[in-house]
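Descriptive analysis of the structure
Each chain, letter by letter, is given below.
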Amino acid sequence: MDFNKVHYMMMVAEFKSFSKAAEKCFISQPALTRCIKNMEEELGVKLFDRSCSPIRLTYAGERYLAGMRKILSMKAKLDQEMEEIAADKKDRLILGMPSTRCHTWLPRILPAYHEENPGIEVQLVEGNGLSLEQMLRKEAIDIFFVCTLPILTEGLEFVPLCDEEMTEVVSRESVIFKGIELPPNQHGVLQYVPAGLLEQLPFFSATPSQGTYYLSRRLFETYKIQPEISMEVINTTTAYRLAHQGKGFALAPVSITYEEQFTPEPIFCSMEETPTVRKMGLLYKRGKTMSQATHKFIEVAMREMPKFVQENIPHFEVRHDIDYSKIL
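Reference entry: report on the structure contained in this document. Note that this is a predicted model, so its numbers are computed, not measured. (Residues numbered from 1 in each chain as written. Predicted model: local features only at pLDDT ≥ 70, side-chain atom pairs only at ≥ 80, totals over all residues. Heavy atoms only, no water.)

**Notes on the overall build of the chain**
- A count of helices and strands for the chain gives eleven helices and 13 strands.
- A globule of 328 residues ought to have a C-alpha radius of gyration of about 20 Å, yet the chain, at 33 Å, is considerably larger.
- Principal-axis analysis of the C-alpha atoms gives the chain an extent of 110 × 35 × 30 Å.
- The buried share among the 328 residues of the chain stands at 46%.
- For the chain, long-range pairs separated by at least 24 residues make up 76% of all intrachain contacts whose partners lie at least 6 apart in sequence. (Helix = DSSP H or I, 4+ residues; strand = E, 2+ residues; numbered from the N terminus. Rg over C-alpha atoms; globule rule 2.2 N^0.38 Å. Buried < 20%, exposed > 50% of the residue type's maximum accessible area, 1.4 Å probe, protein only. Contact = heavy atoms within 4.5 Å.)

**Quick word on the pairing of strand S5 (residues 143-148)**
- Most of S5 is tucked away: six of the six residues are buried.
- In terms of strand pairing, strand S3 (residues 91-98) meets S5 through two bridges, oriented parallel. Residue pairing in the sheet places Gly96 in a bridge with Phe144 of S5.
- Summarising the sheet, S5 and strand S12 (residues 277-285) pair through four bridges and their orientation is antiparallel. Looking at S12, one finds that Cys147 is bridged to Gly281. (Pairing = 2+ DSSP bridges.)

**Some details on unusual backbone geometry**
- In this structure, the amide linkage connecting Ser53 to the following residue, Pro54, adopts the cis form with an omega of 0 degrees.
- Looking at where Pro54 falls in the secondary structure, it is placed in the loop between strand S1 (48-49) and strand S2 (56-57).
- Geometrically, the link from Thr263 to Pro264 is a cis peptide bond, its omega value of -5 degrees lying close to zero.
- With respect to the secondary-structure elements, Pro264 resides in the loop between helix H10 (256-259) and strand S11 (267-270).
- Of note in this structure, Lys224 is not a glycine but carries a positive phi near 55 degrees.
- Note that Lys224 resides in the loop between helix H8 (211-222) and strand S9 (229-233).
- Note on Lys224: relative accessible area 70%, which makes it exposed.

Quick look at the structure:
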């Protein structure tokens, strides 16, 4: 689109004179007249009524000029946006994140990110681990935050951010606790439970599309147990809530022990002498040129996430307050 022609037309409309408009535009009057005539021929309408003095816009000219003013306004905004993008003042980040982790971690990262990068638009895509890894490989998202090892898809790089302690959520009505007096849950404490006893309970599992699934299988392999899989569910929150209602067990982050309310309350346990730990971090596609928006997000996440964990999530201890001597 030739915006010079539009500018000439606007000047003629403003001054109601070809000669005055030509003088203002530093162009000869014959050249300006030819320009307007060519526009009229291209559009198939008369833009100016030359039969009156001073000349004036026709109805078609009024509609055309009104539309062009809107286009010029949009162009000015777009030009400014392109300048901001070129100067790294404006960008977009498409962030993939498991829906079960959004409420815990996004409020810890996004405020600082937006404060430091006000021109970056963040779009959130929620899903399970495997689907987000596949979207990352196809470049449908820029980064996957927060994920856990193992990485299921080749061609991705893992940036560790912090460790997350895990707990087995076990129903107090489970058969393994029959005749045993159980202590109340205590903040920062997991009760030891032998892996062989957990093997007797139904296990409510994540699906193979999630990192928690593979973490639980590594634990089972290490302690040589094969609990019966009662159900596999995509939402890990559903898994541990089903577990304490279904007299079984499930694996969950220790943060649920103080972030969520259970009725009735399960008991939070560990089959290991120290809490099971998984590595949390983010993924990006290997070999892809990383945008400044992605670089900046990684920087903020590497600073804010470990700081939040250190200040707000205590290390848990595993205690032996339950006497299993009567059943072992």
